[in-house]
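Observations on chain architecture
Listed below are the residues making up each chain.
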Amino acid sequence: MTEKQNKLEQHFERYQSILRDLTLMSDVLMRNVLKEKECAEYVLRTILNRKDLTVTDVTVQQDHKNLHGRSAILDCVAADTEGSRYDIEVQQGNGGASPKRARYHSGMLDANTLKPGDDFDSLPDSYVIFITEEDVLGDGLQKYHVGRKVKETGKEFNDHSHIIYVNTAVQDDTELGRLIHDFHCRNANEMYSETLAEQIRNIKETEKGVTDMCQEMEKIYKEGIEQGIEKGIERMVLNALQNRSAREVSEMLKLPLEQVLNIERQMPAQ
């Protein structure tokens, strides 16, 4: 075995260890689950309480271009039979799910929907959904549905744009509560939803699934190293910190302890 092959094998051993502990609150695992239409459909039906919703298309890590400003890579973009479009984002740390980011994602979703010459009234319903580890909006609710209203009359503005926050800090014995429970499960056998559990097994318990995920995590790791403490390396560290100490993560990923501690400070208090 060459030195390069040996190094790659060592990395894969670390990634396999991380993979066992990942939950759907990790965006790298979430994307690989929700890329299956049946899984995205189940999640959207549950969050929106719409059993009639049928997903026709799912794209993960979609780069929405802005020629005159900042582009955005959306974690999971889905469309349904009515043409409505959905952006699903998972957020582990304290930042990254602010109202202004939700507004920007909503605008990018719309900007990449119409073709030249299309009438503005043909814009479909759009939904930006943040699934957050803590209560970002701070009112103790499990779900927040944000929509525009006319301030003077209180009437709905009806621009068909929706922003939804799902606070996974609140679990209960409802369908949404059970979905939230599943988002925090490391083991497929602990999940309520067989739809989600089946895909988790495909990813964590089959040779192909484990290999594919290790390759994806290796790509994220390399991108993070190239860019410094950017989104890629932060995700990897946050994933590992779910079940390991900062020192263990530092040794496992061969990163300076102070770098890991800086990222750990972004995590919500338990």
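First things first, this report covers the structure right here in the doc. What you see is a predicted model, and the numbers here were worked out from it, not measured in a lab. (Residues numbered from 1 in each chain as written. Predicted model: local features only at pLDDT ≥ 70, side-chain atom pairs only at ≥ 80, totals over all residues. Heavy atoms only, no water.)

The next thing to look at is the pairing of strand β3 (residues 85-91). By the criterion of burial, β3 is predominantly enclosed, with 7 of the 7 residues buried. By the alternation rule, side chains of β3 split into R85, D87, E89 and Q91 and Y86, I88 and V90, which are all buried. Note: β3 against strand β4 (residues 126-132), 7 bridges, orientation parallel. Directly across from Q91, in β4, lies its bridge partner T132. (Buried < 20%, exposed > 50% of the residue type's maximum accessible area, 1.4 Å probe, protein only. Helix = DSSP H or I, 4+ residues; strand = E, 2+ residues; numbered from the N terminus. Pairing = 2+ DSSP bridges.)

All right, on to the packing of helix α3 (residues 37-48) against helix α6 (residues 194-204) then. Packed helix pairs are characterised by how far apart their axes lie and by the angle those axes make with each other. The N-to-C vectors of α3 and α6 enclose an angle of 140°; their axes lie 9 Å apart at closest approach. The handedness of the crossing between α3 and α6 comes out as left-handed. Residues E38, C39, Y42 and V43 of α3 form the contact with α6, whose participating residues are T195, L196 and Q199. Split by residue class, the contact of α3 with α6 holds 4 nonpolar, 2 polar and 1 charged. (Axes fitted to C-alpha atoms, helices over the stretch in contact; angles between N-to-C directions. Left-handed = near helix turned anticlockwise from the far one by under 90°. Contact = heavy atoms within 4.5 Å. Nonpolar A, V, L, I, M, F, W, Y, C, P; charged D, E, K, R; others polar.)

Our next topic: the nonpolar core. Counting 59 residues, the largest nonpolar core has I18, V33, I47, I131, F183 and L196 as the members making the most contacts within it. When residues of this core are assigned to their parent elements, the largest contribution, 7 residues, is made by α3. With residues up to four places along the chain from it excluded, the contact list for V33 reads L24, C39, L196, Q199, I200 and I203. (Core = buried A, V, L, I, M, F, W, Y, C linked by side-chain atoms within 4.5 Å.)

For the rest of this paragraph, the subject is unusual backbone geometry. Of note, N49 is a non-glycine position whose phi angle comes to about 55°, a positive value. Non-glycine residue N158 carries a positive phi angle of around 55°. One can find N158 in the loop between β5 (143-146) and β6 (161-167).

What follows is about the packing of aromatic side chains. As enumerated under the stated definition, the model contains 2 aromatic pairs in all. Pairing Y86 with Y127 gives two aromatic rings, centres 5.0 Å apart and planes at 15°, and the pair type is stacked. Taken together, the residues Y86 in strand β3 and Y127 in strand β4 connect sequence positions 41 residues apart. No difference in accessibility class separates Y86 from Y127, as the two residues are buried. Ring centres of F130 and Y165 lie 5.6 Å apart, and the angle between their planes is 25°; on these two criteria the pair is classed as stacked. Residue F130 is located in strand β4, and its partner Y165 is located in strand β6; the two are separated by 35 residues in the primary sequence. A relative accessible area of 3% means that Y165 is categorised as buried. (Phe/Tyr/Trp six-rings, centres within 6.5 Å; stacked < 30°, edge-to-face > 60°.)

Moving on: the environment of L238. Positionally, L238 belongs in helix α8 (residues 231-241). On the basis of relative accessibility, which here comes to 11%, the residue L238 falls in the buried class. For L238 and V249, which are 11 residues apart along the polypeptide, the C-alpha to C-alpha distance reads 9.4 Å.

One pass over the structure, following the stated rule, counts 12 salt bridges. Here D27 ties to R31 by a salt bridge, and the two come within 3.9 Å at their closest N and O atoms. You can see D27 and its partner R31 sitting in helix α2 (residues 27-34), 4 residues apart, about one turn around the helix. By the burial criterion, D27 is buried, and R31 matches it. It is possible to trace a salt-bridge network through shared partners that takes in D27, R31 and E216. (Salt bridge = Lys/Arg side-chain N within 4 Å of Asp/Glu carboxyl O.)

Turning our eyes to something else, we now look at the environment of Y127. Take Y127: its relative accessible area is 9%, and that puts it in the buried class. Not counting residues within four places of it along the chain, the set of residues in contact with Y127 comprises L48, S84, R85, Y86, D87, L109, H162 and I164.

Turning our eyes to something else, we now look at the packing of α2 against α6. Packing of α2 against α6 leaves a shortest axis separation of 9 Å and a crossing angle of 115°. Classified by the interaxial angle, the pair formed by α2 and α6 is roughly perpendicular. The crossing of α2 and α6 is right-handed. Facing L29, N32 and V33 of α2, the residues of α6 in contact are L196, Q199, I200, I203 and K204. For the contact of α2 with α6, the per-class residue count stands at 5 nonpolar, 2 polar and 1 charged. (Parallel < 35°, antiparallel > 145°, perpendicular 65-115°, else oblique.)

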